[in-house]
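# Structural features, examined
The residues making up each chain are set out below.
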Amino acid sequence: MDNTEEQTQHTNEEINTPVNKESSSIRAKQSIIEIEQDSKGDTSFFLAEQFVHPYFDEDPSLGLLKKEYKEPLTLSHGCSATPQSYKTVEKQERNSCEKLHVTNWMRNVKPPSAQGYFDYVEVRFKNSHKDFYKIPDGLEITEGDIVAVEGTPGHDIGIVSLAGELCRIQMKKKRGFNIENVKKLYRRAKTADIEKWLEVIKKEEKTLFETRKLALDENLDMKINDVEYQGDGTKAIFYYTADDRVDFRQLIKDLAETFHIRIEMKQIGARQEASRLGGIGTCGRELCCSTWLNNFTSVGTAVAKVQQLFPNPQKLAGQCGKLKCCLNYEYDVYQDALKDFPETGIELETIKGKGIYHKLDVLKRIFWYSYENSSELIPISAYDVKKIMAMNKKNKKPEDLESFQAELTKTENQ
């Protein structure tokens, strides 16, 4: 056996040696990657070290995926694939990536004969806003159609999100809405319209970073959050946040000279900023404001107090720096539960000693008390606390608090 065969046999033995999973250190395993035959007939081996964790088997599919996932350009505009001219965007495709989705539960309900056909539709644009438009006579529009609508100036491209009788109800619900000021819907988007639309969508990310550089060069105390181009590419809306008033007149001139478009600046709040940027909350899920929450209601500290939460700003504040919107989700449940609760903070008089109030579990309806100069907490149900308070008002004292102690599970005791 020559030297080449000995080297081959020795290398194969090292590869086939099983990994010792009991060892806590990471061992290196040598594997043959390529064998190259040179002009002289000699075989040379190119060895590379591949690290394998001792507690996990090697994944056979590792390195086989050649194509990386690329997010579709129109994902933020309500399409999970490239749209086509005169083809309706499917309902499943719209619902999978559309934040401003509306379920048309009146889709199969015929409108009253006196009202007739409703010639207005709701059109959505980027995952941030939508508006109502009037359909011209003789044009039939359905949900999912890509349409060209009136812009300021020019035209914009959007997707019809709502039509029919439910659209009429949505228009009535909108406060301060004047139907006389509704803009026009021109037509279904042509192939040229969609191609132009896709071109300007590609520019949004690049424009965002270049705008941030210009704002930093001019030392402007503002943050550029998002950029949205109009469908025809003649105008762009720049969304920003700032604590104080900002003089960005020079920035607008620089943007107009750089991109050769009409510039519009819109200031948004901290919560709108978080909804546009997105992120993962402390619950481990994507932020509510970036997935489904559209209307931001005020959240006060009283909401946290009712739910017996400690006033810790780091835990109660979201990524926007404001109180979490999810504090409002269970607020009504706690309010209803506290209606028949006794007043908190009142001391209980017993023959054994005075009971000091510590905390309250609203949903389990349990109060926690302890004696003076004692750290042992005693759980008492809300019904028994009421009973003891009624006895104290009549100048009567129970024997002790232990006789009213509530039964708890092991997890509650821990």
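Quick caveat, the model's predicted, so the values are computed rather than measured.

Glancing now at the overall build of the protein. The helix and strand tally for the protein stands at 11 helices and 14 strands. Expressed as a percentage of the 414 residues in the protein, the buried residues total 35%. In the form shown here, the protein has an accessible surface area of approximately 27,300 Å², with 49% of it arising from carbon and sulfur atoms.

Glancing now at the packing of aromatic side chains. According to the stated counting rule, one finds eight aromatic pairs in the structure shown. Taken together, the ring pairs connect Phe341, Tyr357, Phe367 and Tyr369 into an aromatic cluster. The lysine or arginine in question, arginine 276, covers the ring of tyrosine 239, its NZ or CZ lying 3.7 Å from the ring centre. If you follow lysine 359 out to its NZ or CZ, it ends over the ring of tryptophan 368, 5.1 Å from the centre.

Positionally, threonine 344 belongs in the loop between helix 9 (331-337) and strand 11 (348-349). With a relative accessible area of 39%, threonine 344 lands in the partly exposed category. Along the sequence, threonine 344 and leucine 360 sit 16 residues apart, while their C-alpha atoms lie 8.1 Å from each other.

Among the nonpolar cores identified, the biggest contains 30 residues, and Ile146, Met222, Phe248 and Met265 are the most heavily contacted of them. If one sorts the elements of this core by residue count, helix 4 (residues 191-217) sits on top with six residues. Apart from the residues lying within four places of it in its own chain, the contact partners of isoleucine 146 are Pro83, Gln84, Val89, Ile157, Gly158, Ile159, Arg188, Ala189, Ile194 and Trp197. Listed in part, the 19 residues of the second largest apolar core include Val362, Phe367, Ala382 and Ile388.

Each strand in a sheet pairs with its neighbour through backbone hydrogen bonds, running either in the same direction (parallel) or in the opposite one (antiparallel). Spatial ordering of the open sheet is given by 11-12-13-14, a layout of four strands whose pairing is antiparallel. With partners counted over all chains shown, the strands left at the sheet margins are strand 11 and strand 14 (378-381), one partner each. Judged from the six bridges that link them, strand 12 (residues 354-361) and strand 13 (residues 366-371) form a sheet pairing that is antiparallel. Within strand 13, the position partnered with lysine 359 by the bridge is tryptophan 368.

Here we come to the pattern of salt bridges. Opposite charge on two side chains makes pairing possible when the charged atoms of those side chains draw close. Scanning the entire structure with this criterion turns up 16 salt bridges. Across the salt bridge formed by aspartate 226 and lysine 126, the nearest N and O atoms sit 3.0 Å from each other. Here aspartate 226, found in strand 8 (residues 223-229), pairs with lysine 126, found in the loop between strand 3 (120-124) and strand 4 (130-134); they are 100 residues apart in sequence, far enough to count as distant. Owing to a relative accessible area of 8%, lysine 126 belongs among the buried residues under this scheme. Its salt-bridge partner being arginine 365, residue aspartate 340 comes within 3.2 Å of it at the nearest N-O pair. Taken as a pair, aspartate 340 in the loop between helix 9 and strand 11 and arginine 365 in the loop between strand 12 and strand 13 lie far apart in primary sequence, 25 residues in all. Put simply, Lys126, Glu204, Asp226 and Arg276 are held in one network by salt bridges that share partners.

With that out of the way, let us pick up the packing of helix 4 against helix 5 (residues 249-259). Closest axis-to-axis distance for the helix 4/helix 5 pair is 11 Å, and the angle between their directions is 140°. It follows from the interaxial angle that helix 4 and helix 5 lie oblique. Here helix 4 and helix 5 pass one another in a crossing that is right-handed. Where helix 4 abuts helix 5, its residues Thr207, Glu210, Thr211, Leu214 and Ala215 lie against Leu251, Asp254, Leu255, Thr258 and Phe259. Classifying every residue of the contact of helix 4 with helix 5 by side-chain character gives five nonpolar, three polar and two charged.

This part covers the environment of glutamate 218. Structurally, the position occupied by glutamate 218 is in the loop between helix 4 and strand 8. The spacing of glutamate 218 and leucine 251 is 33 residues in sequence and 7.7 Å in space, taken between C-alpha atoms. Setting aside anything within four residues of it in sequence, one finds glutamate 218 in contact with Gln250, Leu251 and Asp254.

Note: α-helices contain 3.6 residues per turn, so residues at a spacing of three or four share the same orientation. Among the residues of helix 3 (residues 165-173), those classed as buried are Glu165, Leu166, Cys167, Arg168 and Met171. Looking at the packing, one finds that the buried side of helix 3 touches strand 3, strand 4 and strand 6 (155-163).

Parameters at a glance
- Residues numbered from 1 in each chain as written.
- Predicted model: local features only at pLDDT ≥ 70, side-chain atom pairs only at ≥ 80, totals over all residues.
- Heavy atoms only, no water.
- Helix = DSSP H or I, 4+ residues; strand = E, 2+ residues; numbered from the N terminus.
- Buried < 20%, exposed > 50% of the residue type's maximum accessible area, 1.4 Å probe, protein only.
- Areas by Shrake-Rupley, 256 points an atom, 1.4 Å probe, with all protein chains shown as cover.
- Phe/Tyr/Trp six-rings, centres within 6.5 Å; stacked < 30°, edge-to-face > 60°.
- Lys NZ or Arg CZ within 6 Å of the ring centre and 35° of its normal.
- Core = buried A, V, L, I, M, F, W, Y, C linked by side-chain atoms within 4.5 Å.
- Contact = heavy atoms within 4.5 Å.
- Pairing = 2+ DSSP bridges.
- Salt bridge = Lys/Arg side-chain N within 4 Å of Asp/Glu carboxyl O.
- Axes fitted to C-alpha atoms, helices over the stretch in contact; angles between N-to-C directions.
- Parallel < 35°, antiparallel > 145°, perpendicular 65-115°, else oblique.
- Left-handed = near helix turned anticlockwise from the far one by under 90°.
- Nonpolar A, V, L, I, M, F, W, Y, C, P; charged D, E, K, R; others polar.

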